[in-house]
Structures are given as C-alpha cells and as structure tokens.
Amino acid sequence: QVQLVESGGGSVQAGGSLRLSCAASGRTFRLRGMAWFRQAPGKERDFVAAISWSGGSTYYADSVKGRFTISGDNAKNTVYLHMNSLKAEDTAVYYCAGRELRVGVRPSDYDYWGQGTQVTVSS
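Parameters at a glance
Residues numbered from 1 in each chain as written. Predicted model: local features only at pLDDT ≥ 70, side-chain atom pairs only at ≥ 80, totals over all residues. Heavy atoms only, no water. Helix = DSSP H or I, 4+ residues; strand = E, 2+ residues; numbered from the N terminus. Disulfide = S-S within 2.5 Å. Buried < 20%, exposed > 50% of the residue type's maximum accessible area, 1.4 Å probe, protein only. Pairing = 2+ DSSP bridges. Axes fitted to C-alpha atoms, helices over the stretch in contact; angles between N-to-C directions. Salt bridge = Lys/Arg side-chain N within 4 Å of Asp/Glu carboxyl O. Polar contact = N/O pair within 3.5 Å; in protein donor to acceptor, adjacent residues only side chain to side chain. Contact = heavy atoms within 4.5 Å. Phe/Tyr/Trp six-rings, centres within 6.5 Å; stacked < 30°, edge-to-face > 60°. Lys NZ or Arg CZ within 6 Å of the ring centre and 35° of its normal.

A.B. asks: Whenever I open this one, the environment of alanine 97 confuses me. Can you help?
C.D. replies: Assignment of secondary structure puts alanine 97 in strand β9 (residues 92–99). Between the C-alpha atoms of alanine 97 and valine 5, which are 92 residues apart in sequence, the distance is 9.7 Å.

Given below as structure tokens:
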C-alpha cells in the first residue's frame, strides 16, 4: 500500500505564491508517475501537472504552464508543486496522485490519492 499526504495549502492574494508538498510512504517503489490534480466546488477534478520519476519528464495543463513548477526529491519520496502568480481561478482543493505506470492526465489513470489540501486565492 502507498500513502500520500499533501501539505502547504493556504490562503494568498492574487499574484502571490505557495509551495505544496506531497510525501509518499509505504510501498513507494511501486510509484513511477506522480501528479497534481485540483477540484473546485461543483466542478470536475482537473489535471494540473505530472512528473515521471524514471525520465524526469514534466507535463502541465495549459492553464498553469509558465506559472507552476512540479519537482521531486527522490531521496525524500516527496513531490512539490511551486505555484507562482496565483489567480483567483486557481482556488481549489489540490490532490496529489501516484500510479504504478508512467504519468497520465486523467484521474482514472492513478492508483493512489492523498486527502487534498485547500488553496484559496483572493482577488
């Protein structure tokens, strides 16, 4: 079993920055791809960014490209999401996800999920 725990959420003003962390524990050797998704009230869970451990490749949704950066620290089994130039439309619960295959962009692609952390951007 793999456990994922997100942290770092909070409330910021538009234009501000936050760094989210996702700590993985358990059978972490099973993980090949990691990602961040987000879900606003009444909306679908949307892809934000993903990273492949083996190749180091990263992927971003168009809405966050150039503003968000996903990175990983393999020694700490931790994935980060650096969020800059935050906008009100970035407000959502952010979820960390992991899969045993390489990265995907659909929620159904992923095998493990964290509990989510709230990010609120005030305009």
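A.B. asks: Sorry, what's going on with the state of the cysteines here?
C.D. replies: One covalent bond between the sulfur atoms of two cysteine residues makes up a disulfide. This model, assessed by the stated rule, comprises 1 disulfide. With its sulfur 2.0 Å from that of its partner, cysteine 22 forms a disulfide with cysteine 96. Disulfide cysteine 22-cysteine 96: the torsion about the S-S bond is -80 degrees, which places it as left-handed. Here the residue cysteine 22 occupies a position in strand β3 (residues 18–26), and cysteine 96 occupies one in strand β9, the gap between them amounting to 74 residues. Accessibility assignment for this pair places cysteine 22 and cysteine 96 in one class, buried.

A.B. asks: Help me understand the sheet that holds strand β8 (residues 78–83) in this model?
C.D. replies: Two orientations exist for strands paired in a sheet by backbone hydrogen bonds: parallel and antiparallel. If you trace the 4 strands from one edge of the open sheet to the other, you get β1-β3-β8-β7, paired in antiparallel fashion. The outermost strands of the open sheet, each flanked by one partner alone, are β1 (2–7) and β7 (68–73). Across the sheet, the mean angle separating the axes of adjacent strands is 15 degrees when strand polarity is ignored.

A.B. asks: Mind showing me how you'd approach the pattern of salt bridges here?
C.D. replies: Charged atoms that come close allow side chains of opposite charge to pair. Inspection of every chain in the model, using the stated rule, returns 5 salt bridges. The shortest N-O distance in the salt bridge between arginine 30 and glutamate 100 comes to 3.8 Å. You can see arginine 30 sitting in the loop between β3 and β4 (33–39) and its partner glutamate 100 sitting in the loop between β9 and β10 (112–113), a full 70 residues away along the chain. Residue arginine 30 is classed as partly exposed on the basis of its relative accessible area, which comes to 32%. On the basis of relative accessible area, glutamate 100 is assigned to the partly exposed category, the value being 32%. The closest approach of N and O atoms between aspartate 90 and arginine 67, which form a salt bridge, is 2.8 Å. Remark: arginine 67 occurs in the loop between β6 (58–60) and β7 and aspartate 90 occurs in the loop between β8 and β9; sequence separation between them is 23 residues. Taking relative accessible area as the criterion, arginine 67 reaches 11% and is therefore assigned buried.

A.B. asks: Teacher, can you tell me more about the side chain of threonine 117 here?
C.D. replies: Along the polypeptide, threonine 117 turns up in strand β11 (residues 117–122). Of note is the side chain of threonine 117, whose polar atom sits 3.3 Å from the backbone nitrogen of glycine 9. Leave out the neighbours within four places in its chain, and threonine 117 touches Glu6, Ser7, Gly8, Gly9, Leu20, Ala92, Val93 and Tyr94.

A.B. asks: Whenever I open this one, the packing of aromatic side chains confuses me. Can you help?
C.D. replies: The geometry of an aromatic ring pair is captured by two quantities: the separation of the ring centres and the angle between the planes. Summed over the entire model, instances satisfying the criterion amount to 5 aromatic pairs. Ring plane angle 70 degrees and centroid distance 6.4 Å describe the contact between tyrosine 110 and tryptophan 113, whose orientation is recorded as edge-to-face. By relative accessible area, tryptophan 113 is classed as partly exposed at 28%. Site record: aromatic cluster; members linked through ring pairs are Phe37, Phe47, Tyr95, Tyr110 and Trp113. The ring of tryptophan 113 has arginine 45 lying over it, and the distance from NZ or CZ to the ring centre is 5.0 Å.

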